[in-house]
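Listed below are the residues making up each chain.
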Amino acid sequence: MLIRNATLADGRQRDVRVRGETIAEVGRGLSGDDERTIDVSGKRLFPGMIDAHVHFRQPGYPHKETWETGSRAAAAGGVTCVVDQPNTDPPTVDGAAFDDKAEFAADSIIDWGINGGVTADWDPQSLFSRRLFALGEVFLADSTGDMGIERELFEDALAAATDAGVTVTVHAEDADYFNDDATVREDADAWSAYRTAEAEERAVRRACDAAGEVGARIHIAHTSTPEGIDVAADAGMTTEVTPHHLLLSRRDLRELDTYGRMNPPLRREKRRREVYERVADGTVDMIATDHAPHTVEEKDASIWDAPSGVPGVETVLPLMLAEAADPDTALGYERVRDLTVTNPARVFNIPQKGAIEPGKDADLVLVDTTETTEIRADERHTDCGWTPFEGFDAVFPEWTMVRGTMVFERGGARSAPEGSSGRSPRDDPDEDVFYEHAGENVRDADGELLE
């Protein structure tokens, strides 16, 4: 397959040849003899996003999301690889639980990784014998799943992961710094007042200090404060920021109500702007969604009873592309590429992904950055049926490819090649189309089990 006249993230116009599952050539004027050719003049071609932080809810909570629905939503948003977190039921804390979750992941149409978790009864020996993506998120305070652990166990887990050569992803909040005075309130902002910014900063500092003592490499999940980001960066650790902490703040809670409850919570607008600055200037390593769907019925509760979490896997790349398309923002297309795929591939050592280069997996996303649409929940594919970004501008993909196979085509798009393998029936040209495809564990590519 030859994709002709594609504009890459850096602005260069190139032809891209895909052969099998990989990118064969990238250059100008590649011959199209005896090949299917797609002309994408005037459109941008991005490497598919790696979302290093999702909760696809299986096993245990399929009414919230499944690997099938979650992966379809991801593909529709240009995400070609996801990493699932361990707080399912049962939690992914031993080899048997990993194997159980991997069976559910077989329903995914995109590639995937599975993180292991830490609880008092975890089994590191069997867990590290599996093709684990990373250890974590290791919870330093309780969140969905009640997997918060004490300092001694955290340090033991750091040492075990370091011996196994596995990166540790940390959910950094210190419950000792939660504000109990806020618990008498019933307004939507009470959750942000309760789980304070200081609680994150203190936990990040503690995690980085512990990692430094044992020579561990840790990654701080969903950092929501500039202070936490700076502490991690100064310690030489990596960070991610979610789209909700990047684009939403406590001033949005009046409209979002309990649909804006998540862990860590939304911060004040000043902190949000300072987080944005660190995302734009390179201090933050990546964007990851913490896609954590709950049903409308579950969210329609008091601020203390509603579950924490928001969906985001389908809207993250479209939101970032809309930011890059806006000349008034500090983000450009190259920075979006680095945040969504290049840096995740580097940080988590996924050499076969991360760029449009010969020899890399042909994970490709085509977008028309001149066409911005508003996000509407009733047009999304996640099972939960709502989004905190209703009405936000977005640039959605025309099609998404995983390892050379088309997995998604947006209704009305005409740039995908005819006769794609596993093409679904398409009676209505305005309907989005998903293609049959077997996603794979990205750790299978290295051919080695972790010792």
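Our structure is the block above this text.
Residues numbered from 1 in each chain as written. Predicted model: local features only at pLDDT ≥ 70, side-chain atom pairs only at ≥ 80, totals over all residues. Heavy atoms only, no water.

Draft legend 1. Representation of the overall build of the protein in the model. Each helix and strand in the protein was counted, giving 13 helices and 19 strands. Relative to the compact-globule value of 22 Å for 451 residues, the protein shows a C-alpha radius of gyration of 21 Å, a close match. Taking the principal axes of its C-alpha atoms as reference, the protein extends roughly 70 × 50 × 40 Å. Per-residue burial over the protein gives 62% buried out of 451 residues. (Helix = DSSP H or I, 4+ residues; strand = E, 2+ residues; numbered from the N terminus. Rg over C-alpha atoms; globule rule 2.2 N^0.38 Å. Buried < 20%, exposed > 50% of the residue type's maximum accessible area, 1.4 Å probe, protein only.)

Draft legend 2. Examining the sheet that holds strand β9 (residues 135-139) more closely. With respect to topology, five strands assemble into an open sheet ordered β9-β10-β11-β12-β13, the strand pairing being parallel. Unpaired on one side and paired on the other, β9 and β13 (286-287) mark the two borders of the sheet. (Pairing = 2+ DSSP bridges.)

Draft legend 3. Quick peek at empty space enclosed by the protein. Per the counting criterion, the structure on display carries four cavities of 30 Å³ or more. A volume near 70 Å³ is recorded for the second largest cavity. Considering the residues around the second largest cavity, the lining is formed by A73, H291, P311, G312, V313, E314, T315, R380, T382, W386, T387 and P388. Classifying every residue of the lining of the second largest cavity gives five nonpolar, five polar and two charged. (1 Å grid on protein atoms, 1.4 Å probe; cavity = no way out; pocket = protein on both sides within 12 Å on 5 of 7 lines; lining within 4 Å. Points joined across faces, edges and corners; volume = space filled by probe spheres on them. Nonpolar A, V, L, I, M, F, W, Y, C, P; charged D, E, K, R; others polar.)

Draft legend 4. Layout of the environment of F434. In this fold, F434 is placed in strand β19 (residues 433-434). Overall, F434 belongs to the buried group, its relative accessible area being 9%. Considering only alpha carbons, one finds F434 and F408, 26 residues apart in sequence, at a separation of 4.5 Å.

Draft legend 5. How the structure looks around a negative patch on the surface. Where like charges cluster on the molecular surface, the negative patch consists of E68, D107, D383 and E436. Summarising the element assignment, E68 is placed in helix α1 (residues 67-76). Overall, E68 belongs to the partly exposed group, its relative accessible area being 42%. (Patch = residues over 30% accessible without salt bridge, like charges linked within 9 Å, V, L, I, M, F, W, Y side chains within 5 Å. Areas by Shrake-Rupley, 256 points an atom, 1.4 Å probe, with all protein chains shown as cover. Salt bridge = Lys/Arg side-chain N within 4 Å of Asp/Glu carboxyl O. Lys, Arg positive; Asp, Glu negative; His and termini not counted. Charge placed at Lys NZ, Arg CZ, Asp CG, Glu CD.)

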